[in-house]
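Listed below are the residues making up each chain.
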There are 2 protein chains.
Amino acid sequence: MTNPTRDQLLSAAARLYGEHGFRGTTTRRIAEEAQVNEVTIFRLFGSKSALLLEAIRTHGTDVSDDQLPLTPRDPLSELTAWSAHQRSTLRSMRSMIRKAMSEFEEHPDMPKCMENGANTVHTRLYRYFERMQELNLIDPKADVRAATAMLLSSLFHDAIARDMYPDLFPHPSSSAPAIYSRLALRSLGCNLPAAARETTRRRRAS
Amino acid sequence: MTNPTRDQLLSAAARLYGEHGFRGTTTRRIAEEAQVNEVTIFRLFGSKSALLLEAIRTHGTDVSDDQLPLTPRDPLSELTAWSAHQRSTLRSMRSMIRKAMSEFEEHPDMPKCMENGANTVHTRLYRYFERMQELNLIDPKADVRAATAMLLSSLFHDAIARDMYPDLFPHPSSSAPAIYSRLALRSLGCNLPAAARETTRRRRAS
DNA sequence: TTTCAATGCAAGTGACTACTTGCATCACAT
DNA sequence: ATGTGATGCAAGTAGTCACTTGCATTGAAA
């Protein structure tokens, strides 16, 4: 059952939360943004908190359509595409993520709303690397869990902090997912087919 | 010239900022924490903003004593020690960092206060890897800038987010700096002396 | 002792905030 | 036409907040 007023309020709240955080997202602001009367917020949600919590739940667990195949065939390009996609998603949500993290102590429910999304992404990548290990595409002794963490940390940090500290990240920005993916695979001792390896080398020469 | 009232206010403000952010750090709270009268804030600093800005400047650029040598001798252990130290520093500042990042749009000065610290750390690590490259300790073609970014992102993310999403990071926490360092060196194609490599393998078997 | 600077105390100002209340309007279903 | 639910409007409540003002106190220096 769709209710346009509810939806308007939820998306307005989510957007404003990303801009102003919990305290700075006032009920007056939300009402204006959603073009409804302020009292409607309390009629529909009971309180500002309840509205914001539901807004983050709705908009904060947007686990994007996953593109990592179950069976790795061309790891570098698969991983690059997936990384680019994840970074883009995180980037589009960066303000909200920053706010939720910031308010961990005062509103622990906020980052909590995003935990499922984060764990899902982590599990997907971890499985992919495990599968690669089973197929002997990487060093059997490689620390797959650590590489997973490292690649995700790079994507995450790039997504949420590049606009603040641009010099800390690889340039151009569009190449960063490929760069991180290559490094991650390399740290895993990835044995690429000779053809794929030749391609990689040529690209790096240019 | 030291002024105890000023110092008290600055450190109270910095601490409270880490807990409550800009808006949630009220002048009344600061005064109470510092055990001074609220009006003193305006006498000494003119406004809440000015106090908070100076507090973050004072407490937010704590670039810890650097332990990376100019000439790499034992990269894995040097890097591990350095990483552990950086992570510890970041961890101790994590609430403040989260707040400052969160408030980038509304108070861009806050993350700005930390930029020098971040760039300094980045430059140190980058130089270390470059030096390694000059000494032929790593692949001459390795992307040193990318590996720098990747290791720092891992340390950063671990420091500021482990308490929120513990399952995303390597365990035990105390081993994470070593794990990240190993991966980073590996991604750079680090040629460790045979003895050092043997040691590493034994440790992983246990 | 007097003076002066630093700080405390108390009251206040004007603006903001989440939320409530009572009445009115509108659109849809019966 | 009537009834009902959803929403708007307007006013209000009680509390919070950064900041100001006037007077008082304290400690150090001359």
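Report follows, based on the coordinates.

Each value, and the rule that gives it
Residues numbered from 1 in each chain as written. Chains lettered and ligands numbered in written order. Predicted model: local features only at pLDDT ≥ 70, side-chain atom pairs only at ≥ 80, totals over all residues. Heavy atoms only, no water. Least-squares fit on C-alpha atoms with pLDDT ≥ 70 in both. Contact = heavy atoms within 4.5 Å. Salt bridge = Lys/Arg side-chain N within 4 Å of Asp/Glu carboxyl O. Helix = DSSP H or I, 4+ residues; strand = E, 2+ residues; numbered from the N terminus. Buried < 20%, exposed > 50% of the residue type's maximum accessible area, 1.4 Å probe, protein only. Near = heavy atom within 4 Å. Polar contact = N/O pair within 3.5 Å; in protein donor to acceptor, adjacent residues only side chain to side chain. Nonpolar A, V, L, I, M, F, W, Y, C, P; charged D, E, K, R; others polar. Core = buried A, V, L, I, M, F, W, Y, C linked by side-chain atoms within 4.5 Å.

It takes a turn of 180 degrees to lay chain A on chain B, together with a shift of 0.0 Å along the axis; the resulting RMSD is 0.1 Å. When the rotation and shift are considered jointly, the pair of chain copies conforms to a two-fold rotation axis. Among all residues of chain A, the one whose C-alpha sits closest to the rotation axis is A:S187, at a distance of 2.1 Å. With an isologous cut-off of 70% or more, the 98% of interface residues of chain A that recur at the interface of chain B puts this contact in the isologous class.

Per the stated rule, a full pass over the model turns up 24 salt bridges over all chains. A salt bridge links A:E33 to A:R15, with the nearest nitrogen and oxygen atoms 2.6 Å apart. A residue pair is termed long-range when its members are at least 10 positions apart, and A:E33 in helix 2 (residues 27-34) and A:R15 in helix 1 (residues 4-24) qualify at 18 residues. For A:E33, a relative accessible area of 34% puts it in the partly exposed group. One salt bridge in this structure joins B:D163 and B:R98, with 3.1 Å as the shortest N-O distance. Of this pair, B:D163 sits in the loop between helix 9 (144-161) and helix 10 (176-187) while B:R98 sits in helix 6 (residues 94-102); the two residues are 65 residues apart in sequence, bridging distant segments of the chain. For B:R98, a relative accessible area of 2% gives the class buried. Salt bridges here are not isolated pairs; linked through shared partners, they connect A:R94, A:R98, A:K99, A:D163 and B:E105.

In the vicinity of DNA strand C, 18 residues are found, and the nearest of them are A:F42, A:K48, B:R23, B:T40 and B:R43. Contact between DNA strand C and B:T5: a phosphate oxygen at 2.9 Å from a side-chain N or O atom of the residue. For the surface near DNA strand C, the secondary-structure elements that each account for two or more residues are helix 3 (38-45) of chain A together with helix 1 (4-24) and helix 3 (38-45) of chain B. Looking at the surface near DNA strand C, its residues break down into five nonpolar, eight polar and five charged.

Core analysis: the biggest nonpolar cluster contains 122 residues, and A:L79, A:F129, A:L151, B:L79, B:F129 and B:L151 have the highest contact counts within it. The residues touching A:L151, leaving out its near neighbours within four places in the chain, are A:L79, A:S83, A:L125, A:F129, A:Y180, A:S181, A:A184 and B:M150.

Looking now at the protein's contact with DNA strand D. In the vicinity of DNA strand D lie 19 residues, with A:T5, A:R23, A:T40, A:R43 and B:K48 positioned nearest. Among all atoms of DNA strand D positioned within 4 Å of the protein, those belonging to sugar or phosphate total 58%. Here A:T5 contributes a side-chain N or O atom positioned 2.7 Å from a phosphate oxygen of DNA strand D. A distance of 2.8 Å separates a base oxygen of DNA strand D from a polar side-chain atom of A:R43. Taken together, the elements giving at least two residues each to the surface near DNA strand D come down to helix 1 and helix 3 of chain A together with helix 3 of chain B. Across the surface near DNA strand D, the residue classes tally to five nonpolar, nine polar and five charged.

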